[in-house]
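Letter by letter, the chains look like this.
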Amino acid sequence: MEKVKVSVRELVEFVYREGSIDLKFQARSSMTIGTRLHQLLQKGYKDGDEKEVFLKGEIMSDELSFILEGRCDGILYEGEKVKIDEIKSSAKDLSDIDGGSRVHWAQAECYAYLLARDRNLESIDVQLTYIQVDTEQVKILERTYRFIDLEDIVRNTLIAFTPFAKVMLQNRKRFRESISEVSFPFPSFRKGQKQLAGAVYKTVGEEKTLYANAPTGTGKTISTLFPTIKGMNGDGPEKWFYLTAKTITRTVAEEALSLLEEKGLRQTSVTITAKDKICFKEETNCQKEYCEFANGYYDRINGALLDILDQETIMTREIIERYARKHKVCPFEFSIDLSYLVDGVICDYNYVFDPKVSLKRLSDESRKNSVLLIDESHNLVNRGREMFSAVLSKSSFLDVKNLYQEHGALKKSIQAVNKQFISLRKEMQGKGEWKKDMDQELLEEVEAFVETAEKCLGETGKEWSQGFLQLYFDSLHYVRISRIYGGEHRFVLDSQGTDLTVKLSCIDPSRLISDVKKPYHSSVFFSATLHPFSYYFQQLGGSEEDYRFLIPSPFEKDQWKVEIDPISTRYRDRERTLPRIVQSIADCILYNKGNFLVFFSSYAYMREVYEKLKELSLDAEFLIQETIMSENEREEFLQCFQAEPEKRVIGLGVLGGIFSEGIDLKGDRLNGVVVVGVGLPQPGLEQDMMKEFYGEDGKNGFDYTYVYPGLNKVFQSGGRLIRSEKDKGVLRLIDDRYLTPKYKALLPEEWTPFEVIKK
């Protein structure tokens, strides 16, 4: 008999859909406050009562065997009676809660059934405990169930879920039958590729973590996806997440899956696209009065899910949009719902690592059966710092206060927050400073504001501004980050005029990245530029028991012509050396054929050089990266790079920007790359803080703050040049620091030996 494992929460949320999508509840509003209130109520349990109890049972239904499991909030004992307690926090006034939510009752009923069955109880009590987030008032709804009635309720719920289960089983069966037959989609392995695939297969098989530096040309995407999928052979994991920071690398992952499908693979996957990109409306506003795809979403979503799962395997953005329009459902929420039902998910880092938007319904058991594949993982260091930090400004609170002067409770709450901002501003010695400990008084007032805001959002018939909603989300995130605030954080104050910004700033994300990945079956961090390796291994949460894998470039050294022109690009020297730098770029272009990319440390520096280059007779079309570019504008920029164009193309961009990584201009589409400078981040308050932090931790603070992050941008930009075994080109590095012992030692092995430009 076929077995289907499903968590109680996932089961009832798929079967008992309620309401419509609404932006003000998109944040899963009471997540942090709700946890605190749950714990508050659980502290009031009597001796002998139990909290957070894991329950599990197997139920036969319609020729299927369901393994149902979950963690109930509490089990209460009153004499001979046993009671399940299901706690729900609510922003609504408790008088508006009449009989309780059907989803909430269904969840409690499933737990009651599992417990009664396990303990041979003929009857059991169930209570829904609602707690109001602002007042902390409690409303308890109670029912008593006979076991035979609970059995009927659970069986009917499983029958309603059975169409999903059958489609999932059908897809899983096709996948299992195909997995032994599917072969590597290329006739041979590239240099180092077989070793990387073997390392990934071993990592997945042993439930470990791997950190792999695999240079450009290794074929990292197929070398990680293929062995992971082959490892899902029945005894191994059941799901994978391919995480990346760039849209283009998500496309590469989809292409790799298509190649495997051509070889016989049958596996379901979905690509999650950011809400603001995939939204069908002009404005991303999920309120039902504005969006017909949000209004009545839950009435139509189950049909949409069954349809797409029955017809499709690789569910790209285009396919998601087509089915979303067909069934009139929100494409973003559609992809999120699908992510719980498919074998593989391609998405941004934040759906796993970011406390704001991670996939909340993913159960502990689901994580235990999932593999994380983190592409271009060098990007996760800075992204991790951002995700585990939180920012609030004085002005944003005052802006909202001015909009809602008539709302007494909201106005009072914002005034209390503002009072703390004023107090902090008075204590500051200058315009910017940082402390090891966050300000507790400010935190308490922000928590109070969140609770007041959630009560406001529960008011019926009230429209709230986007500014208010954003402030609510930002404040909620601030509270969340305060819960994980640790020794790697600093409390930063930055004053600009009358405004004050406070930030819970994460400097070293390693502990928090490690904590997130820990529940998963296994993790693979890979990139072409985990260099210097020791730095990224530490920053990404590596430990002694983790595997490390470094492979050399698959390309031959003679494919590169590396030149170093030792001209100072330091800020203090730029005006003096500008003519020499312009001439160096021009010489490199004139003495070599084809198209070029030239990278700079800032937009201002790039534009200054651009104005001078235009004055020279280079007979080329110049393209310049803008600070903000749409996806179409980016694509048009890259499409200009064609082999043997009528006029050669010179593209100017910034180090660390959209054209410095994740793009493939193979063959004669790109013949040369020039990098001006060493990519050092701009000095500032947070850089000073980071330098001090790493210095106190026994590391080289300057290297950790400036040198390593800067050089990674250089390596990424230079890596655009050679993308295949047939490519050849020139790479010119303009800066005298490349000839110092520190920088020479850090250059990639394939960039040596190099030629020094003599003047």
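Note that the coordinates shown come from a computational prediction; the quantities given were computed from them, not determined experimentally.

Q: What exactly am I supposed to notice about the overall build of the chain here?
A: Scanning the chain from N- to C-terminus turns up 26 helices and 25 strands. For the chain, whose C-alpha radius of gyration is 28 Å, the value lies close to the compact-globule estimate of 27 Å for 759 residues. Dimensions of the chain, computed from C-alpha atoms along their principal axes, come out at roughly 95 × 70 × 50 Å. When the 759 residues of the chain are sorted by exposure, 59% land in the buried category. Here the contacts in the chain between residues at least 6 apart in sequence split such that 79% fall between residues at least 24 apart. By element, 47% of the accessible surface of the chain is carried by carbon and sulfur atoms, the whole surface being about 32300 Å². Treating the 106 positive side-chain charges of the chain as one cloud and the 120 negative ones as another, the clouds have centres 3 Å apart.

Q: Explain the side chain of E661 to me, please; I cannot follow it from the model alone.
A: Here E661 lies in the loop between β22 (648-654) and β23 (672-676). Among the residues examined, E661 registers a relative accessible area of 6% and is labelled buried. In this structure the side chain of E661 is engaged in a polar contact, spanning 3.2 Å, whose partner is the side chain of H378. Sequence-distant contacts of E661, defined by excluding residues within four places in its chain, comprise K246, E376, H378, N379, Q716 and R720.

Q: Quick question: what am I supposed to make of the packing of helix α15 (residues 394-403) against helix α18 (residues 466-484) here?
A: Each pair of packed helices gets described by two things: the angle between the helix axes and the distance between those axes. For the pair α15 and α18, the least separation of the axes is 10 Å and the interaxial angle reads 140°. As summarised for this structure, α15 and α18 are arranged oblique, according to the angle between their axes. As α15 runs across α18, the sense of the crossing is left-handed. For the pair α15 and α18, the contacting residues are S396, F397 and V400 in the first and G467, F468, L471 and S475 in the second.

Q: Whenever I open this one, the sheet that holds strand β13 (residues 390-393) confuses me. Can you help?
A: Picture the strands of a sheet paired through backbone hydrogen bonds; they go either parallel or antiparallel. In space, the four strands of this open sheet follow the order β13-β16-β15-β14, with antiparallel pairing throughout. In this open sheet, the two edge strands, each paired with only one partner strand, are β13 and β14 (432-435). Recorded for the sheet is a direction-independent mean angle of 15° between the axes of neighbouring strands. Bridge analysis of strand β15 (residues 489-496) against strand β16 (residues 499-506) gives eight bridges, and the strand direction is antiparallel. Residue pairing for β16: R490 is matched across the bridge by S505.

Q: I would appreciate a short explanation of the pattern of salt bridges in the present structure.
A: Side chains that differ in charge, positive against negative, can pair when their charged atoms come close. Taken as a whole and judged by the stated rule, the model has 38 salt bridges. With its nearest N and O atoms 3.6 Å apart, the salt bridge here joins K561 to E563. For the salt bridge of D573 with R576, the shortest nitrogen-to-oxygen distance reads 3.4 Å. Classification of D573 as buried rests on a relative accessible area of 12%. Overall, R576 belongs to the exposed group, its relative accessible area being 56%. Three or more residues joined by partner-sharing salt bridges are found here, namely E488, R511, D515 and K518.

Q: Help me out: how do you make sense of the sheet that holds strand β20 (residues 596-600) in this one?
A: Overall, parallel pairing links the seven strands, which are arranged β21-β22-β20-β23-β24-β19-β25 in an open sheet. Looking at which strands have only one partner, the edges of the open sheet turn out to be β21 (620-624) and β25 (755-756). As defined by bridge partners, β20 adjoins β23 across four bridges and the pair is classed as parallel. Looking across to β23, one finds that F599 is bridged to V675. Its contacts with the sheet put helix α22 (residues 603-613) on β20, β21, β22 and β23, and the angle it makes with β22 is roughly 155°.

Q: Would you explain the nonpolar core in this entry?
A: Buried together is how nonpolar side chains tend to be arranged in soluble globular proteins. One finds F241, F334, F353 and Y738 to be the most contacted residues of the largest nonpolar core, which totals 143 residues. Sort the elements by how many residues they give to this core and helix α3 (residues 102-118) lands first, with 11 residues. Once residues within four sequence positions are removed from consideration, F353 is found in contact with L243, L372, I374, L380, M387, F388, I513 and V516. In terms of nonpolar packing, the next biggest core, distinct from the first, is built from 36 residues, M428, F449, L469 and L476 among them.

Q: Would you explain the packing of aromatic side chains in this entry?
A: One pair of aromatic rings is described through two measures. These are the centre distance and the angle between the planes. Here the structure, examined in full by the defined rule, presents 35 aromatic pairs. Between the aromatic rings of F533 and F537, the centroid separation amounts to 6.0 Å while the plane-to-plane angle is 20°, which identifies the pairing as stacked. Highlighted residues: F533 and F537, both in helix α20 (residues 533-539), separated by four residues, approximately one helical turn. Residue classification places F533 among the buried residues on the basis of a relative accessible area of 13%. Judged by centre distance (6.0 Å) and plane angle (70°), the ring pair of Y610 and F622 falls under edge-to-face. Of the two residues, Y610 is situated in helix α22 and F622 in strand β21; the sequence distance between them amounts to 12 residues. An aromatic cluster is present here, built from Y535, Y536, F693, Y694, Y704 and Y708 joined pairwise through their rings. Its end group placed over the ring of Y16, R102 keeps NZ or CZ at 4.8 Å from the ring centre. Between the NZ or CZ atom of R143 and the centre of the ring of W105, over which it lies, the distance is 3.8 Å.

The rules behind these values
Every chain is numbered independently, its residues counted from 1 as its sequence is written. Given that the model is predicted, a residue must reach a pLDDT of at least 70 before its local features are reported, and side-chain atom pairs must reach 80 or more before they are shown or counted; all residues, however, enter totals for whole chains, interfaces and linings. In computing side-chain properties, one takes all heavy atoms of the structure into account and sets aside hydrogens as well as water. In this text, helices come from DSSP runs of H or I with a minimum length of four residues, and strands from runs of E with a minimum of two, each type numbered from the N-terminal end. As defined in this context, the radius of gyration uses C-alpha atoms, and a globule is described by 2.2 Å times the residue total to the power 0.38. Each residue gets one of three labels from its accessible area relative to the maximum for its type: buried under 20%, exposed over 50%, partly exposed in between, using a 1.4 Å probe on protein chains only. Any two residues whose heavy atoms approach within 4.5 Å are treated as being in contact. Accessibility throughout is a Shrake-Rupley quantity obtained with a 1.4 Å probe, and a residue counts as covered only by protein chains that appear here. The positive count covers Lys and Arg only, the negative count covers Asp and Glu only, and His and the chain ends enter neither. All charge positions are set by atom: Lys at NZ, Arg at CZ, Asp at CG, Glu at CD. Under this definition, polar contacts are N or O atom pairs within 3.5 Å; protein pairs additionally need one hydrogen-donor-capable and one acceptor-capable atom, and for neighbouring residues in sequence, both atoms have to be side-chain atoms. In this description, a line fitted to the C-alpha atoms serves as the axis of each element, helices being fitted only across the stretch in contact, and the angle between N-to-C directions of two axes falls anywhere from 0 to 180 degrees. Any angle between 65 and 115 degrees counts as roughly perpendicular, while under 35 counts as roughly parallel, over 145 as roughly antiparallel, and the rest as oblique. Handedness of a helix crossing follows the sense of rotation of the near helix relative to the far helix, less than a right angle counterclockwise being left-handed and clockwise being right-handed. Strand pairing follows a simple DSSP-based rule, namely that at least 2 bridges must link the two strands. Within this document, salt bridges are pairs made up of a side-chain nitrogen of Lys or Arg and a carboxyl oxygen of Asp or Glu, the two lying within 4 Å of each other. Here, nonpolar core refers to any group of buried Ala, Val, Leu, Ile, Met, Phe, Trp, Tyr and Cys residues whose side-chain atoms link them within 4.5 Å. Paired rings are identified among Phe, Tyr and Trp, the last through its six-membered ring, by centres lying within 6.5 Å, and are further divided according to the angle between planes into stacked (under 30 degrees), edge-to-face (over 60) and tilted (the rest). Definition used: whenever NZ (Lys) or CZ (Arg) falls within 6 Å of the ring centre and also within 35 degrees of the ring normal, the charge is taken to sit over that ring.

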